[in-house]
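Spelled out from the first residue to the last, the chains are:
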Amino acid sequence: TNCQNPQFTAPQVSADTNLTFRLNVSCEASNVSDEVNILVKNKAEPISFSIKINNDALYTTSRYVSLSLGYPDNLNLTKMRFSKNGTTWSLWKPISSSYAYTLKGLPVGVNCQMRTVYVRFKDNTGKVYGGDLSIFDTIQLKRQEGSVCQ
């Protein structure tokens, strides 16, 4: 072995991780052993999720919309659920890349309001993604074409 430039390959990690290793290097004349702390950096791409209401339309005149959902295939996602307010959630539903959804209606006398739809995903181990309300989309719900949002 080359004692001048010992080499080590760190294991892959799913997040930046502090690991402690004991390195044993054997040279022709001696054995050297030392404990080393190493920060192993995860170089994986960030996990990306998306939700689009009516293909990212700016507004709709119908409460009945189509949600397009984007998520990484490698996460083994099994369930999804939705919320109109980030507090009250639907039951978990089987994962799908599209979903028919009903927005909250407009109050009497109001011609236009913004609507938000939040989504959470769950994988086959029970891990939930979107728990911080970071996966959402908004759309203007108009009573009729030409309604102006204030």
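Here, every reference points to the structure presented above.
Quick look at the structure, then. (Residues numbered from 1 in each chain as written. Predicted model: local features only at pLDDT ≥ 70, side-chain atom pairs only at ≥ 80, totals over all residues. Heavy atoms only, no water.)

**Digging into the pairing of strand S11 (residues 136-142)**
- Here two bridges tie strand S4 (residues 59-60) to S11, and the two strands are oriented parallel to one another. Across the sheet, residue Thr-60 finds its bridge partner in S11, namely Leu-141. (Pairing = 2+ DSSP bridges. Helix = DSSP H or I, 4+ residues; strand = E, 2+ residues; numbered from the N terminus.)

**Side note on the nonpolar core**
- Counting 18 residues, the largest nonpolar core has Leu-67, Phe-82, Val-117, Val-119 and Phe-121 as the members making the most contacts within it.
- Elements represented by at least two residues in this core include exactly strand S3 (50-53), strand S5 (64-70), strand S6 (77-83) and strand S9 (112-123).
- If near-sequence neighbours (up to four positions away) are discounted, Val-117 is found in contact with Ile-51, Ile-53, Leu-67, Phe-82, Ser-83, Tyr-101, Leu-103, Ile-135, Phe-136 and Asp-137. (Core = buried A, V, L, I, M, F, W, Y, C linked by side-chain atoms within 4.5 Å. Buried < 20%, exposed > 50% of the residue type's maximum accessible area, 1.4 Å probe, protein only. Contact = heavy atoms within 4.5 Å.)

**With respect to the sheet that holds strand S8 (residues 98-102)**
- Spatially, three strands are ordered S3-S5-S8 in an open sheet, and the strand pairing comes out antiparallel. On the outer flanks of this sheet lie S3 and S8, each paired with one strand and no other. On average, each strand axis in the sheet is tilted by 30° relative to the strand beside it, whichever way the strands run.
- Examined bridge by bridge, S5 and S8 share five bridges and lie antiparallel to one another. (Axes fitted to C-alpha atoms, helices over the stretch in contact; angles between N-to-C directions.)

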